[in-house]
Amino acid sequence: MQPSGHRLRDIEHHPLLAENDNYDSSSSSSSEADVADRVWFIRDGCGMVCAVMTWLLVVYADFVVTFVMLLPSKDFWYSVVNGVIFNCLAVLALSSHLRTMLTDPGAVPKGNATKEYLESLQLKPGEVIYKCPKCCCIKPERAHHCSICKRCIRKMDHHCPWVNNCVGEKNQRFFVLFTMYIALSSVHALILCGLQFISCVRGQWTECSGFSPPVTVALVTFLCLEGLLFFTFTAVMFGTQIHSICNDETEIERLKSEKPTWERRLRWEGMKSVFGGPPSLLWMNPFVGFRFRRLQFRPRRGGPEFSV
């Protein structure tokens, strides 16, 4: 089934298309346009639980900051300024989380390893291409198969359960923004917690919060622990992602010590390729490129993802 003039490397020996793949080669030409009208989502139980927990923890932090620390404060401008800053960071963090979770990370079309598709590639004699035996697709360079997404992902960095998605070529910028805004909001929350404890110790505990002293201490203490854990995790992830982008090397490639066969885009060139365009404030905006999708359920076979 292999066209002459080139070699098809595979890990396992089996047909290019399994009987239950039901791949229609006539639909491949319109696949990219079709994907543009869909929202990507992974139906993974662990990932969905982690994603919901992330949102609940951010909402909890916003509740404590707003209703326990800021609204009872007698300093009007202190409450307004800090409330606006913290809520803006929280909105940007959750928006970045949604964009990371609902954006196709760069999935390779499943089951495209057909004779017709191979012939359309117009490969040179002796050229080697690779086929993934798990999702039966032609693997582009730097693509890796994700066992959770059940797809090959271009420039896959890792699969993060907290965003219930892979971090890859098309959604890495949103993941970087998510880690950055969570780290900033965690630092802000920790500063507010410290000021709150100082205010309550110097004054009356019954006047520094609308809640009873034991409840106030419990809520603020838990927020401190949450802020420390969130800041440590997201700051490390943010630094790791920036390092990977500037060196044009994904985490998988680094762990496997893969020798680069591609032309590396180092430092600013790497940042531009991920965030798009020259440095600007748009790099910090998770809403860039956002548009409403068609809300239409489309069940898919052979994988855990579905589209709406």
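None of the values given here were measured: they were computed from a predicted structure.

Enquirer: Explain the overall build of the protein to me, and be specific about the residues and the numbers.
Expert: Of regular secondary structure, the protein possesses 8 helices and 9 strands. Every one of the 308 residues in the protein was classed for burial, and the buried ones make up 43%. Look at the contacts in the protein between residues 6 or more apart in sequence, and 72% of them connect residues 24 or more apart. Roughly 17000 Å² of accessible area belongs to the protein as shown, and the carbon and sulfur atoms make up 63% of that amount.

Enquirer: An account of the packing of aromatic side chains is needed here, citing residue identities and associated values.
Expert: Inspection of the entire model under this criterion finds 7 aromatic pairs. A ring pair is formed by Tyr-60 and Phe-222, whose centres lie 5.2 Å apart and whose planes are at 80°; its orientation type is edge-to-face. One end of the pair, Tyr-60, is in helix α2 (residues 45-70); the other, Phe-222, is in helix α6 (residues 213-247), with 162 residues separating them in the sequence. Owing to a relative accessible area of 41%, Phe-222 belongs among the partly exposed residues under this scheme.

Enquirer: How would you explain the packing of helix α3 (residues 76-102) against helix α5 (residues 172-202) if you had to name every residue and give the values?
Expert: Between α3 and α5, whose axes approach to 8 Å, the crossing angle comes to 150°. The angle between the axes of α3 and α5 places the two elements in the roughly antiparallel class. Two packed elements cross with a definite hand, and for α3 against α5 that hand is left-handed. Of the residues in α5, those in contact with Tyr-78, Asn-82, Ile-85, Phe-86, Leu-89, Leu-92, Ala-93, Ser-96, His-97, Arg-99 and Thr-100 of α3 are Phe-174, Phe-175, Leu-177, Phe-178, Tyr-181, Ile-182, Leu-184, Ser-185, His-188, Ala-189, Leu-192 and Leu-195.

Reading the values: rules and limits
Residues numbered from 1 in each chain as written. Predicted model: local features only at pLDDT ≥ 70, side-chain atom pairs only at ≥ 80, totals over all residues. Heavy atoms only, no water. Helix = DSSP H or I, 4+ residues; strand = E, 2+ residues; numbered from the N terminus. Buried < 20%, exposed > 50% of the residue type's maximum accessible area, 1.4 Å probe, protein only. Contact = heavy atoms within 4.5 Å. Areas by Shrake-Rupley, 256 points an atom, 1.4 Å probe, with all protein chains shown as cover. Phe/Tyr/Trp six-rings, centres within 6.5 Å; stacked < 30°, edge-to-face > 60°. Axes fitted to C-alpha atoms, helices over the stretch in contact; angles between N-to-C directions. Parallel < 35°, antiparallel > 145°, perpendicular 65-115°, else oblique. Left-handed = near helix turned anticlockwise from the far one by under 90°.

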